Amino acid sequence: MNCVYHPATNNLNFSDICIILWPHSQVTLDVFCQKPAPLFLMTRFLFGFLIFVFFALANTASARDFAIEKAWYEDTSGTQTWEQVRQQPFHAYRGILNKGVSRSAFWIRLKVDSRGYVPVFSKIHDDRQLIVRITPGYLDEIRLFDPQEKTALTRVTGMLYGASHDEYQSINFNFVIPRTDNIRYVWLRIKTATPTMADIKVLSVADTISLDKIQQNLVAINLFIIFFAIALTIYAWIINKDKLILLFTIRQIGTFLFMFFITGYARPLLDGVLPPVSLNKILDGTIVTFIAFAFIFEGYFFRRYAYSHWIMKASAWLAVFPPIALALVILDQSYLAYQISGYTLITDSVLSLACILIIYVKHRDKISDDFVVPKKYILLVYGSIYLGFFATSLSIMGLIKLNQVRDSLVPMGGIIYFINSLLIMSFYFNHIRKKQLLLQQQNLVQVMLAEQSAIQEKNYRLEQENLFSMLAHELKTPLAILNMRIGKLPASDSTVDSMKRAIRDMNGVIERCIDASKVLDKKLTPIIRASNLHEELLRQQQLSRDPHNIAIKCPDPLIVNTDPQILAIVLNNLIDNACKYSPTNSTVNVEVMANHDGEAMTNVQIVISNYPGLAGWPDPEKLFTKFYRSQNAYHQVGSGLGLFIVQQLVYLLGGSITYMPSRTHVRFEVCLPA
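Owing to the predicted nature of the structure, the values given are computational and were not obtained by experimental measurement. (Residues numbered from 1 in each chain as written. Predicted model: local features only at pLDDT ≥ 70, side-chain atom pairs only at ≥ 80, totals over all residues. Heavy atoms only, no water.)

### Topic: the overall build of the chain
Then, number 1: From N to C terminus, the chain includes 16 helices and 17 strands.
Then, number 2: Classification of the 674 residues of the chain by burial places 50% in the buried group.
Then, number 3: In the chain, 78% of the contacts between residues at least 6 apart in sequence involve partners at least 24 apart.
Then, number 4: Accessible surface, the chain as shown: approximately 33200 Å² in total, 60% of it carbon and sulfur. (Helix = DSSP H or I, 4+ residues; strand = E, 2+ residues; numbered from the N terminus. Buried < 20%, exposed > 50% of the residue type's maximum accessible area, 1.4 Å probe, protein only. Contact = heavy atoms within 4.5 Å. Areas by Shrake-Rupley, 256 points an atom, 1.4 Å probe, with all protein chains shown as cover.)

### Some details on the sheet that holds strand E15 (residues 600-610)
Then, number 1: Strand order in the open sheet formed by five strands is E12-E14-E15-E17-E16, and the pairing between neighbours is mixed. The sheet is open, and its two edges are formed by strand E12 (550-553) and strand E16 (656-659), each paired on a single side. Ignoring which end each strand starts from, the neighbouring axes of this sheet average 15 degrees apart.
Then, number 2: Both E12 and strand E14 (residues 588-597) contribute to a ladder of four bridges, which runs parallel. Bridge pairing in E14 links Ala551 to Asn589.
Then, number 3: Along the sheet, helix H14 (residues 533-543) makes contact with E12, E14 and E15, crossing E12 at roughly 175 degrees.
Then, number 4: Relative to the sheet, helix H16 (residues 642-652) contacts E16 and strand E17 (666-673), its axis offset from that of E16 by approximately 140 degrees. (Pairing = 2+ DSSP bridges. Axes fitted to C-alpha atoms, helices over the stretch in contact; angles between N-to-C directions.)

### Some remarks on the sheet that holds strand E8 (residues 173-178)
Then, number 1: Spatial strand order, E3-E10-E5-E8: four strands in an open sheet with antiparallel pairing. Of all strands in the sheet, those with a lone pairing partner are strand E3 (97-100) and E8, marking the two edges. Within the sheet, the average angular offset between the axes of one strand and its neighbour, ignoring direction, is 20 degrees.
Then, number 2: Across six bridges, strand E5 (residues 129-135) lies against E8 in antiparallel orientation. Across the sheet, Ile134 pairs through a bridge with Phe173, a residue of E8.

### Notes on the packing of aromatic side chains
Then, number 1: Per the stated rule, a full pass over the model turns up ten aromatic pairs.
Then, number 2: Judged by centre distance (5.9 Å) and plane angle (25 degrees), the rings of Trp82 and Phe145 are stacked. In this pair, Trp82 sits in helix H3 (residues 82-85) while Phe145 sits in strand E6 (residues 141-145), placing the two residues 63 residues apart along the sequence.
Then, number 3: Classification of Trp82 by relative accessible area gives buried; the value is 14%.
Then, number 4: Centroid distance Phe260 to Phe261: 5.4 Å. Interplanar angle 80 degrees. Geometry classified as edge-to-face. Assigned by exposure class, Phe260 and Phe261 land together as buried.
Then, number 5: Within the aromatic cluster, the residues linked to one another by ring pairs are Trp82, Trp107, Phe145, Tyr185 and Trp187.
Then, number 6: The residue whose ring lies beneath Lys99 is Trp72, and the NZ or CZ to ring-centre distance is 3.5 Å. (Phe/Tyr/Trp six-rings, centres within 6.5 Å; stacked < 30°, edge-to-face > 60°. Lys NZ or Arg CZ within 6 Å of the ring centre and 35° of its normal.)

### Overview of the packing of helix H4 (residues 205-240) against helix H5 (residues 243-262)
Then, number 1: Where H4 meets H5, the axes come as close as 9 Å, and the angle between the chain directions of the two elements is 160 degrees. Regarding the angle of H4 to H5, the classification is roughly antiparallel. With respect to the hand of their crossing, H4 and H5 are arranged in left-handed fashion. Along the contact surface, H4 presents Asn222, Leu223, Ile226, Phe227, Ala229, Ile230, Thr233, Ile234, Ala236, Trp237 and Asn240, while H5 presents Ile245, Leu246, Phe248, Thr249, Gln252, Ile253, Thr255, Phe256, Met259 and Phe260.
Then, number 2: Its residues assigned to classes, the contact of H4 with H5 comprises 15 nonpolar, six polar and no charged. (Parallel < 35°, antiparallel > 145°, perpendicular 65-115°, else oblique. Left-handed = near helix turned anticlockwise from the far one by under 90°. Nonpolar A, V, L, I, M, F, W, Y, C, P; charged D, E, K, R; others polar.)

### A closer look at the nonpolar core
Then, number 1: Ranked by size, the top nonpolar core spans 54 residues in total, and within it Leu110, Val132, Ile134, Leu188, Ile200 and Val202 carry the most contacts.
Then, number 2: Among all residues touching Ile200, those that are not within four sequence positions of it are Asp65, Lys70, Tyr93, Ile108, Leu110, Val132, Arg133, Ile134, Leu188 and Ile190.
Then, number 3: Counting 36 residues, the second-largest nonpolar core is a separate cluster that includes Leu533, Leu574, Val588 and Leu653. (Core = buried A, V, L, I, M, F, W, Y, C linked by side-chain atoms within 4.5 Å.)

### Regarding unusual backbone geometry
Then, number 1: Along the chain, Thr135 connects to Pro136 via a cis peptide bond; the corresponding omega equals 0 degrees.
Then, number 2: Inspection of the secondary structure puts Pro136 in the loop between E5 and E6.
Then, number 3: Positive phi, close to 65 degrees, is recorded for Asp332, a residue that is not glycine.

Following this line, the structure appears as structure tokens:
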């Protein structure tokens, strides 16, 4: 033919879409971020979309089909010629030809009657021609045999051939034939590895262009909804980090790719970019792997209901088959790939129906609030949908015939699945929102309790600080007077030494309480300056209760950059503890080592060790906690705050303290920066 049309639209009408999208019409406004949109907005959108769909279907039905009789013949060998086929008996059919996945070639005989049609002539199109229109747009090869065709050229279209060579260019498969005033026959030969499912019409050019406009609007809305849903679910996943949302997003991306290829958009858009054979292989791979997206999402969704263990195992085994089917496509075994995918889909439908029944029976006594989606809804709606999946899968595989009812059931099935997907994700996002609100309330309560606890702690520490200040003021003066009076007594009196030691211990307890209060309130700020560690150790030795029992090993001089007052408190506590809790007249060892990096000193290590006395060995898990004293230490005066204060002050100086006992000694290692 010398007439090539380039209509402005490239889309599929709704009935054509639903032929292939009964289980795949899940394009929805599935998600509205983590906060579901108000129900009236979703209802308004859905109502408007359905009105548009029914309007489009009405316009589709008004187009006149000049093929008044359709019949098919199966060439099981796939080698018969047109002359041979014309002599064979054909079987009449109505509606959609559906022969499932088959190696056979199928011949379709069309009886065309265009008598009485008044052609419309315009600058856009010529109605002296008719268009043989074949949908859906994923069939491998379609050949036309027209007895009135005088040339010997082979007229062929399909996924294995470039779209630029089509006689009438659209996303469907089309042939242009002349309109005559007589009844005539034309033949089509379909050979494809995909399911042999075809809706064939003979239309005027005007009706074809009109249907293409409807196609463009419907599929554009479909693809826009999928893309919008992908964007929203990605945003929702970023906010919520929920695995089900991520899986739903992946499924929607798979749906978008599936729609892009299955509706025929890929063929004209990628014509010249990819060879037709490669494009057809990508199409086959997309179709056979699309099932895996549904497997993963639906399996994870049902897993939340703790359904039967054997169904979970069976579903896991089924997930192995889509990759096998993809490998077969790569190896040019598309027929086997579609066989595996078809039977996998049938098995999955049966397992899903069993799962739905088990969920309903097993959990029928549970409260509905425990479920993301109410169990009655799962039973009624999901059960109906998977029954539809099961019947459609059998029909696609050619195991049962639904030709007489598919025209009405398939569009309704697509709409039902649309509504179901919308409601399922609305249920789920409402569930997430409730959990988030509950979590926010719990966090708010925790924050309020934490603030209340902080206020109480602050008040307690303030009262404690006031008490310590009062004790220091009220007790230190009498103790100083006692110490002065005792100093006038004979020095040889052992009672005098005991009294002085008791006064020193009481002063030590008071000082530790004051130091602990300053540490807790973070009122100590280190003032770093050069200090002679050797001199400070000698000073602490003279201030200790048993100076003659302390053995110091330290370089002289040893200058370190630290806070001398804080360092003095640390050394005083450690040396006093060692003297207090070691056996009488035993030696307390203080050893200092300077560590260098080259010529520069990096840190100093102070090790204080003593033999364990009556108090025994300290508990490594508790010795740095406030008010800890071993059970055998209560014969000595103490506050239980010394090591707690030491640890906090060492941290304040940027160092560390570690309890490192040896086989015979209680040992503390202090490391301070130089």
